[in-house]
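Analysis of the macromolecular model
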Amino acid sequence: MLSKAKLWLSLALSTLLFWSAGLHAAWDLNMPRGVTQMSRDTYDLHMTIFWWCVAIGVVVFGAMFWSIINHRKSKGVQPATFHESTKVEIIWTIIPFLILIAMAIPATRVLTAAYDASESELDVQIIGYQWRWEYRYMRENMDEEEVSFFSVLSTSREEINNGIEKGENYLLEVDRPLVIPTETKVRFLMTSADVIHAWWVPDFAIKKDTIPGFINETWVIVEEPGIYRGQCAELCGMEHGFMPIEVHALAPADYQAWYAEQQAGIRQVRELAAAEMSMEDAMAQGETIYNRNCVACHQPGGVGMPPVFPALAGSVKATGDVAVTMDTLVNGVPGTAMAAYGRQLNPIELASIITYVRNSFGNNTGDVVQPADVNAYIEGGQ
Amino acid sequence: MSATHTISDAHDHHHGPAKGLTRWLYTTNHKDIGSLYLWFSFTMFLLGGAFALVIRAELFQPGLQFIEPAFFNQMTTMHGLIMVFGAVMPAFVGLANWLIPLMIGAPDMALPRMNNWSFWLLPFAFTIMVSTMFMEGGGPNFGWTFYAPLSTTYAPPSTTFFIFAVHVMGASSIMGSINVIATILNMRAPGMTFMKMPLFVWTWLITAYLLIAVMPVLAGVVTMMLFDIHFGTSFFNAAGGGDPVLFQHLFWFFGHPEVYIMILPAFGIVSAIIPTFARKRLFGYDSMVYATASIAFLSFIVWAHHMFTVGMPLAGQLFFMYATMLIAVPTGVKVFNWVATMFRGAMTFETPMLFAIAFVVLFTMGGFTGVMLAITPADFQYHDTYFVVAHFHYVLVPGAVFSIMAAAYYWLPKWTGYMYDETLGKLHFWLSFIGVNLLFFPQHFLGLAGMPRRIPDYALQFANFNWISSVGGFLFGFSQLILLFVVIKCIRGGKKATDQVWEGAQGLEWTVPSPAPYHTFETPPDPKLIHAQ
């Protein structure tokens, strides 16, 4: 009885908690209808098969509960003796079969349409990493700068660890969202750099695995400008629950403006990377990057989770030859969760995170690594 | 026990159960081994359930409360592995051991020493597997489906022990199935023709063939993992020319029949219990046998419906969609037959019948979501969400597990010689029924609203249904202690059970005394006792 009392207590407590905290209390019951033709077709298929199931359920369970109520021994009934009928067996083999054919036809139509990724107007490559996404825009001409960036969870660790109140888009927000134009056929080319992930945005009815060594393709035409959110759907390791997807669909003109802005931004970073960085700037920026990219494995305070995720505090790689630190960061450690950050972060970010790691958690090398050093290292054939 | 001794002494001088621990270590008796399997299964059920409660506790609220994500992944993995390989499968093997010889009028299983070995491998296999959680880097954390390369290149060092444990379990399963097949084919009493066999025997015969067909595939795939990890091969490593999708094809070629391995014997149990308490012969015995065989056949050609999002060609998607939808036909036939058996019967609702009826309703609900999942475009939305979690838990918990509980209550008087406490049995049923629906029904909504499976923390819009689910989980979990209490109470005494136990029970196992003597059918039963089912 104790467990029952506890149960009621926890029920009451949690009810109180959820209503008083004024949390975004949603009782979503169903799949979203979404913002693409594909998502609406999928929703319709889902509802059709659902109502078929309800109808069959009503008939079958209706017959069963009618028997349970009426054909019980306590009512003094005598059991019947029939126990087979080929005719009935044939009927209830054929009827479900026909229902299934009725379902298979629209499903085949929708699936065939989903496979037609031809004649896309924009191609974006999506690459899964433990535990972030990279978006790379395919250029129309090679004079353009290549727009590519990583998209990382921006919810803070304090929110996750219940230190502060959780924001509205808790766990569904990123630092740099994927931006695509509306009313445009966008083709996604998907692969992975490590394990299998799955890129899923419910409002688009797209879920596709990103698999190392393979390129999967799918496509979308978003009709409404807006922000659409999703998550990685395939278990990909420790931080699987923390690699969301955020897509901003902009009207075509707004998208063009955004794209031009990215081009300018890339040129600007290249110029800034030539400038000298102070210790303070490097440490401040390094801390931000550490908390976004590194803390999940290497942990606050750089203590790591040995043996899988080594400590940075006092580590030889972090405090010894700066070239070793740089190599580990830029090229990663193959066969481990340590990704190659050489392309994930720009030279300014790389320089500051190296400086930060070499001068935090009790590490005290005192050196400030400059973006130019990192550039020289990368360009020097590593 | 004294009655047992008198009967065996009359036939033989030394064949009572041995005393003490050696009875259980050296036993070749199908009833002893059946009991060992069932106790082992129940222990694993509690352990796997405890892991599930850790998961539900963490998911009670958004945010990380009790455990780290790395440990959460170990919990989901170990919960799945233990429930599938440690709880459900051994429970059915235990029931097979106890019941198949009694049902077909055989004195024991065909290969009694191998029977002993196949049981005693299990505690060692699971000790190895559970011990990985205490190793450096933790235990398996890649889900019970252990997709490569997460389970190879990126796996913790303990994976090697996990692979060894899977090999040992597989060996145990294969030996168990060989034994079941050898027993059923060779040791039926005169007059026990194939089409007179109880459906539990039929479903187990078919299940045993499935096991022999697919367990070697599982052994093969874990061996390939072992080679990738230790011997430099690249079966699943794209960087070395391998193919991570190959892993999934091989795994699900095992995995889908495995799903039916866990449900076909349940069909057999329910087909025994419903006629007994409806006091009416099973409707459509022949079609039940053919439907079981069809389901088993189809189980080999639907595996890729677990992989609709890996990017197969359109033709492949369509084939696996159609084949999967077809399974609904024979499965539907079974459900219709059970309902037709109840129709115009004279029903009573003792605990086994309650569990059997709940099985029919809730398993069918799992079947409905199964048909929904077969619709490939819709599966793109359902895949890897809580909708799938709800689907397979409906099939496995109020499906397979409820059938095992139904079987335990149904045959417990035959095993112990005493009636169990009906009031407590019904209490156990109703708490389990309410708990299991509170636990799993809201997960349909979570999945449809977009919550992925295997995540330790979730967005705020999933909070409400998650706490309902967690409350249901704890209710269901702790209710199982009632079952333990009922079983122990029943072993220790109670109202004496008659030989037939249930008014409407048919079959050879009800012709032997209660409790069933240590040795039964040393001489074949009278063929007149064998009736068509």
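Relevant structure appears above.
Please read these numbers as outputs of a predicted model, since none were measured by experiment.

With that settled, consider helix α8 (residues 244–261) of chain B. Turn by turn, an α-helix covers 3.6 residues, leaving residues three or four places apart pointing in a common direction. Residues and elements named next belong to chain B. Compared with the 26 Å implied by 1.5 Å per residue over 18 residues, the 26 Å span of α8 between its first and last C-alpha is a close match. At W252, α8 is deflected by roughly 30 degrees, the largest bend along its length. Of all 18 residues that make up α8, 13 are buried, and the element is covered over most of its length. One side-chain oxygen of the residue at the start of α8 lies 2.7 Å from the amide nitrogen of V245, identifying that residue as D243.

So, about the sheet that holds strand β7 (residues 206–210) of chain A. Residues and elements named next belong to chain A. Here five strands make up an open sheet; going across it, the order is β4-β10-β9-β6-β7 and the pairing mixed. The strands lining the two open edges of the sheet, one partner per strand, are β4 (178–181) and β7. With strand direction ignored, the average angle separating the axes of adjacent strands in the sheet is 25 degrees. Of the strand pairs in this sheet, strand β9 (residues 226–232) and strand β10 (residues 244–250) are connected by six bridges, and their pairing is antiparallel. Considered in β10, the bridge of R229 is made with E246. Sheet strands touched by helix α5 (residues 252–272): β4 and β10. Its angle to β4, the strand with the most contacts, is close to 135 degrees.

A separate point is the packing of helix α12 (residues 328–342) of chain B against helix α13 (residues 351–374) of chain B. Between two packed helices, the angle of one axis relative to the other and the distance separating the axes together describe the packing. All names here are of chain B. Viewed as axis vectors pointing N to C, α12 and α13 meet at an angle of 155 degrees, and their least axial separation amounts to 11 Å. The orientation of α12 with respect to α13, classified from their angle, is roughly antiparallel. The crossing of α12 and α13 is left-handed. Contacts between α12 and α13 involve A328, T331, V335, W338 and M342 on the former and, on the latter, M353, I357, F359, V360, F363, T364 and V371.

Quick look at the sheet that holds strand β1 (residues 122–129) of chain A now. Residue and element names in this part refer to chain A. The sheet built from five strands is open, its strands ordered β3-β2-β1-β5-β8 with mixed pairing. At either margin of the open sheet sits one strand with a lone partner, and together these are β3 (148–151) and β8 (216–220). Averaged over all pairs of adjacent strands, the angle between their axes in this sheet comes to 25 degrees, without regard to strand direction. Two strands pair when backbone bridges link them, and β1 and strand β2 (residues 132–137) are joined in this way by six bridges, in the antiparallel orientation. Within the sheet, the bridge partner assigned to I127 lies in β2 and is E134.

Let us look at the interface of chain A and chain B. The partner chain B presents 103 residues to the 100 residues of chain A that form the contact. Counting across the chain A and chain B interface gives 25 residue pairs in polar contact (both at pLDDT 80 or more). Elements with a contribution of two residues or more to the side of chain A that touches chain B: α1 (2–20), α2 (37–70), α3 (86–114), β7 and β9 of chain A. No other element matches α2 of chain A, which puts 16 residues into the side of chain A that touches chain B. Of the residues contributing to the side of chain A that touches chain B, the split by class is 60 nonpolar, 28 polar and twelve charged.

For the rest of this paragraph, the subject is the side chain of T385 of chain B. Tracing the sequence through the fold places T385 of chain B in the loop between α14 (376–382) and α15 (386–416). Only 2.6 Å separates the side chain of T385 of chain B from the backbone oxygen of Y382 of chain B, close enough to count as a polar contact. Within the structure, T385 of chain B has its side chain in polar contact with the backbone nitrogen of F387 of chain B (distance 3.0 Å). In contact with T385 of chain B, not counting residues within four places along its chain, are W200 and K207 of chain A together with G447, M451, P452 and R453 of chain B.

Turning next to the pairing of β7 of chain A. Residue and element names in this part refer to chain A. Taking burial as the measure, the five residues of β7 include five buried ones, the bulk of the element. Side-chain alternation along β7 places I206, K208 and T210 on one buried face and K207 and D209 on a second face that is also buried. As judged from the five bridges shared by strand β6 (residues 197–201) and β7, these two strands associate in the antiparallel manner. Its bridge partner lying in β7, V201 is registered against I206. Once β6 ends, the chain turns through four residues before running back antiparallel as β7, passing A205 with a positive phi of about 55 degrees.

Glancing now at the pairing of β4 of chain A. Side-chain positions along a regular strand alternate between the two faces of the sheet. All names here are of chain A. Side chains L178 and I180 project from β4 onto one buried face, and the interleaved V179 and P181 project onto a second face that is buried too. As judged from the four bridges shared by β4 and β10, these two strands associate in the parallel manner. Its bridge partner lying in β10, I180 is registered against A249.

Definitions and limits used
Residues numbered from 1 in each chain as written. Chains lettered and ligands numbered in written order. Predicted model: local features only at pLDDT ≥ 70, side-chain atom pairs only at ≥ 80, totals over all residues. Heavy atoms only, no water. Helix = DSSP H or I, 4+ residues; strand = E, 2+ residues; numbered from the N terminus. Expected span 1.5 Å × (residues − 1). Bend = angle between axes of the 7 residues up to and from the residue. Buried < 20%, exposed > 50% of the residue type's maximum accessible area, 1.4 Å probe, protein only. Polar contact = N/O pair within 3.5 Å; in protein donor to acceptor, adjacent residues only side chain to side chain. Pairing = 2+ DSSP bridges. Axes fitted to C-alpha atoms, helices over the stretch in contact; angles between N-to-C directions. Contact = heavy atoms within 4.5 Å. Parallel < 35°, antiparallel > 145°, perpendicular 65-115°, else oblique. Left-handed = near helix turned anticlockwise from the far one by under 90°. Nonpolar A, V, L, I, M, F, W, Y, C, P; charged D, E, K, R; others polar.

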